[in-house]
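# What the coordinates show
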Amino acid sequence: MGRSPGNVRFKAARVAAGYLSQQALVEALAERGVSIDVRQVRRWESDAPPWPYAAAQQALTELLGQDIEALGFTPPTGHDRTLTTRRARIPRIRSAVQNAATMQPSSAATDYLGVTRAHRRLYWTVEPNVLHPAVGAHAALGEALLPATAGATRQILAAALAESFLLTGRIEFFDMREPEQAAETWLRALQAAGEADDPLLGAAVLAHMAFVPGWGGNRDGAVERMVMARTYARRGPASAEFLAWLDAVEAECETRCGRTRTALNLIAHGEGVLADGSQHASPEWMDWFSAVRLAAFKGNTQLIAGHLPQARETLLSVLEALPADADKQRTVVLADLAAVEAAAGAPEAACIFAVQALEQLETHWYATGMERIREARRALTEWQHEECVRDLDDRLYGWAATLSALSR
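Residues numbered from 1 in each chain as written. Predicted model: local features only at pLDDT ≥ 70, side-chain atom pairs only at ≥ 80, totals over all residues. Heavy atoms only, no water.

In this section: the environment of A346. Turning to its location among the elements, A346 is positioned in the loop between α16 (327–343) and α17 (347–363). For the pair A346 and D197, spaced 149 residues apart in sequence, the C-alpha to C-alpha distance is 52 Å. (Helix = DSSP H or I, 4+ residues; strand = E, 2+ residues; numbered from the N terminus.)

With that settled, the discussion passes to the state of the cysteines. Working definition: the covalent bond between the sulfur atoms of two cysteines is a disulfide. Taken as a whole, this structure holds zero disulfides when the rule is applied. Of all cysteine sulfurs, the one in C388 lies closest to C351, which takes part in no disulfide; the gap is 3.8 Å. When its relative accessible area of 4% is taken as the criterion, C351 is described as buried. (Disulfide = S-S within 2.5 Å. Buried < 20%, exposed > 50% of the residue type's maximum accessible area, 1.4 Å probe, protein only.)

Positionally, Q360 belongs in helix α17. Residue Q360 is classed as buried on the basis of its relative accessible area of 18%. The residues contacting Q360, other than those within four sequence positions of it, are D327, R330, T331 and L334. (Contact = heavy atoms within 4.5 Å.)

Right, let's get into the nonpolar core. Judged by nonpolar contacts, the single largest core of 99 residues is most densely connected at F242, W245, W288 and F289. Here the element with the most residues in this core is helix α8 (residues 151–175); it accounts for twelve residues. Sequence-distant contacts of W288, defined by excluding residues within four places in its chain, comprise W124, L166, R170, A204, H208, W245 and R293. Counting 24 residues, the second-largest nonpolar core is a separate cluster that includes A13, I36, V41 and I68. (Core = buried A, V, L, I, M, F, W, Y, C linked by side-chain atoms within 4.5 Å.)

Glancing now at α16. In this model α16 runs 24 Å from its N-terminal to its C-terminal C-alpha over 17 residues, within 8% of the 24 Å that 1.5 Å per residue would give. Most of α16 is tucked away, with 16 of its 17 residues classed as buried. Downstream of α16 by a residue or two, G345 has a phi angle that is positive, lying close to 80 degrees. (Expected span 1.5 Å × (residues − 1).)

The next point concerns the pattern of salt bridges. This model, assessed by the stated rule, comprises 23 salt bridges. For the salt bridge of E163 with R120, the shortest nitrogen-to-oxygen distance reads 2.6 Å. Note that E163 is positioned in helix α8 and R120 in helix α6 (residues 106–122), a separation of 43 residues in sequence. For E163, a relative accessible area of 8% puts it in the buried group. A relative accessible area of 10% places R120 in the buried class. Between D247 and R230 there is a salt bridge, and its shortest N-O distance comes to 2.9 Å. Residue D247 is found in helix α12 (residues 240–256), and its partner R230 is found in helix α11 (residues 219–235); the two are separated by 17 residues along the sequence. Each member of the salt-bridge network shares a partner with another, and the members are R117, R120, E163 and E284. (Salt bridge = Lys/Arg side-chain N within 4 Å of Asp/Glu carboxyl O.)

Structural data, given as structure tokens:
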């Protein structure tokens, strides 16, 4: 006679939940206060699995996403079936999956994460109006898949979903200038980060959410979200870059709210954090920040504070140090340099930088960059009859630029 396949439903559920070895499940159960060994898991996967004790039942239903009988266990004679049903309800899984046939395999999470990573890289080169629908559809797919996962598979998928929503919101806020839509998207990102129990992702989402009130001049709203973000960052292994980025975000919000001295102190603190370093590495999804980008924040704050020589020096250094693929950031820096020269009474130099910024937008649209260019143009009102400013207006309000802006 052939060997019995054992409790295939339990084994299939374990693998689908991402616990590819029996030891992995043992460790996950231990995190929930259930102390068993691999031998006990082997018994559960046998052709006559013993009925788990109450605490183990609860932990197994949470980890594997199915009630205890769907996992191949037969209740003992006289067992209260309503008690098992009640314990099998899992609050964190909103649409509980009832049988192994509907569960997604662990490969679903890694496959989904692979696409999320590709979108992250494409953000820097693909037009936002092209990328946004694809990222949004990917997030919708993740939401549909999440209820059909459990355990480690669910955690990986939820984290990738949070990142996908985070990217969708970044496109909406920075590239499309739709702050209200971005706020709604980032709330969904925060929910997914909670499902993943990933405090650093939660901190990143909350810090992004601070931009919405911060850019609108609502300092209290921005401060509240930054307090939340820093609280979550303390729960995870935050790198020096991550902590410095939190300083940079708060500094930009303070700058937008007219508190440039506070902002410059925050940036100085961030520079110190980067100089001190950290034993922790930055998460792979944090590809939007570096020491050069912190300096870009600083240059803008110096400009708004009226520290023009310092702003010019900082921004020129940033322009030289930016990597080749940082076209969006380059647009912003060029526009800020134009504003510096306009404030310094040098309209020709301002127009040169502004035209260079517009040339960047022709290949890589960035709504935030266009916003900065328009701010620089408003600073040139005093010289609007000068030939250089008129030439700038021809570029700024030409057919191609106007239609490009309105079509997005």
